[in-house]
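Listed here are the chains, written in short residue letters.
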Amino acid sequence: MAQYLVATPDRGRISWVDSRDYVGVFARPVEAAAANHEGRPWDLPDIHFGYDPYVAEVQRALGDRSWETPRRQTARLMEQELTETALPVALGWVSPAWDGEGMVLSFERARGGQQLLLLDSPQGDPGRAAEDMGERLLATAPADWDRCFGYSG
């Protein structure tokens, strides 16, 4: 298998090596033959970066949230808040509702499957909206979540 990102043992540099083209390989569901496809090699030289500047830029990019819409920011903040809370069931994910207002939350059921909930808030600020929805969820007994916030998708 080809390597794409390689750091030197002394962490002096990071290199992008063995660039390959995968266009069309994963255009349909992956079949056994395609799963092992190694792509077509590109005729490109290896590219080298200083280790510390490379890691610093990756960290900067990971922290950049300028692309987030207010709805996406609300979902991220709500997920952070609930992840830091002792919940009676495991939180799977939080996402803006697919068709309409609010946030869809997925919880893993004890016997398998998922429980989807839909919460909304009148708050316009993403932080306040996440806090409002989190407080309402936590103020409701888990046995009543489906009745109060149930979502069928």
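Residues numbered from 1 in each chain as written. Predicted model: local features only at pLDDT ≥ 70, side-chain atom pairs only at ≥ 80, totals over all residues. Heavy atoms only, no water.

Asker: Please clarify how the packing of aromatic side chains should be interpreted in this entry.
Answerer: Any two aromatic rings considered together are summarised by their centre-to-centre distance and by the angle between their planes. As enumerated under the stated definition, the model contains six aromatic pairs in all. By the ring-pair criterion, three or more aromatic residues cluster together here, those being Trp16, Phe49 and Tyr54. (Phe/Tyr/Trp six-rings, centres within 6.5 Å; stacked < 30°, edge-to-face > 60°.)

Asker: Can you walk me through the pattern of salt bridges in this structure?
Answerer: When charged atoms on two side chains of opposite charge get close, those side chains can pair. For the structure shown, the criterion picks out seven salt bridges. Note that Arg40 and Asp21 form a salt bridge whose closest N and O atoms lie 3.3 Å from each other. Here Asp21 lies in strand β3 (residues 20–21) and Arg40 lies in strand β4 (residues 40–41), a separation of 19 residues in the sequence. Here Asp21 falls in the buried class, since its relative accessible area comes to 14%. In this structure, Arg136 and Asp132 form a salt bridge, with 3.7 Å as the shortest nitrogen-oxygen distance. Of this pair, Arg136 and Asp132 are both found in helix α4 (residues 126–138), four residues apart, which corresponds to roughly one turn of the helix. Under the relative-accessibility criterion, Arg136 is labelled partly exposed at 31%. One continuous salt-bridge network, built from bridges that share partners, spans Arg65, Glu68 and Arg76. (Salt bridge = Lys/Arg side-chain N within 4 Å of Asp/Glu carboxyl O. Helix = DSSP H or I, 4+ residues; strand = E, 2+ residues; numbered from the N terminus. Buried < 20%, exposed > 50% of the residue type's maximum accessible area, 1.4 Å probe, protein only.)

Asker: Explain the confidence of the model for the protein here, please?
Answerer: Reading predicted coordinates in detail is not appropriate for stretches of low pLDDT. On average, residues of the protein score 88 in pLDDT, and 89% of them are at 70 or above. Across the protein, α4 holds the top mean pLDDT of 96, while helix α1 (residues 32–35) sits lowest at 54. (pLDDT = per-residue confidence, 0-100.)

Asker: Explanation requested: the environment of Met78 in the structure shown.
Answerer: Looking at the element boundaries, Met78 is found in helix α3 (residues 70–83). C-alpha separation for the pair Met78 and Gly127, spaced 49 residues apart in sequence, amounts to 8.1 Å. Sequence-distant contacts of Met78, defined by excluding residues within four places in its chain, comprise Val94, Met103, Leu105, Ala130, Met133 and Gly134. (Contact = heavy atoms within 4.5 Å.)

Asker: Even after reading the chapter, I still don't get α4, so can you show me in this structure?
Answerer: Helical geometry note: an α-helix holds 3.6 residues per turn, so side chains three or four residues apart project in the same direction. If you check α4, its first and last C-alpha atoms are 18 Å apart, about what 13 residues at 1.5 Å a residue would give, namely 18 Å. Taken together, the buried positions of α4 are occupied by Pro126, Ala129, Ala130, Asp132, Met133, Gly134 and Leu137. Next to the buried residues of α4 lie α3, β7 (103–108), β8 (114–119) and α5 (145–149). N-cap assignment for α4: the residue whose side-chain oxygen lies 3.1 Å from the backbone N of Gly127 is Asp125. (Expected span 1.5 Å × (residues − 1). Polar contact = N/O pair within 3.5 Å; in protein donor to acceptor, adjacent residues only side chain to side chain.)

Asker: What exactly am I supposed to notice about a nonpolar patch on the surface here?
Answerer: Nonpolar side chains collect at one region of the surface, where Tyr4, Leu5, Trp16 and Ile47 lie side by side and expose about 370 Å² of accessible area between them. Among the structural elements, Ile47 can be located in strand β5 (residues 47–50). On the basis of relative accessible area, Ile47 is assigned to the partly exposed category, the value being 38%. (Patch = residues over 30% accessible without salt bridge, like charges linked within 9 Å, V, L, I, M, F, W, Y side chains within 5 Å. Areas by Shrake-Rupley, 256 points an atom, 1.4 Å probe, with all protein chains shown as cover.)

Asker: Teacher, can you tell me more about the sheet that holds strand β6 (residues 90–96) here?
Answerer: Two modes of strand pairing occur in sheets, parallel and antiparallel, and in both the strands are linked by backbone hydrogen bonds. Pairing is antiparallel in the open sheet, where three strands are placed in the order β6-β7-β8. For this open sheet the edge positions go to β6 and β8, each flanked by a neighbour on one side alone. Going across the sheet, the axis of each strand differs from the next one's by a mean of 20°, ignoring polarity. As judged from the six bridges shared by β7 and β8, these two strands associate in the antiparallel manner. Its bridge partner being in β8, Leu105 is matched across the sheet by Leu117. (Pairing = 2+ DSSP bridges. Axes fitted to C-alpha atoms, helices over the stretch in contact; angles between N-to-C directions.)

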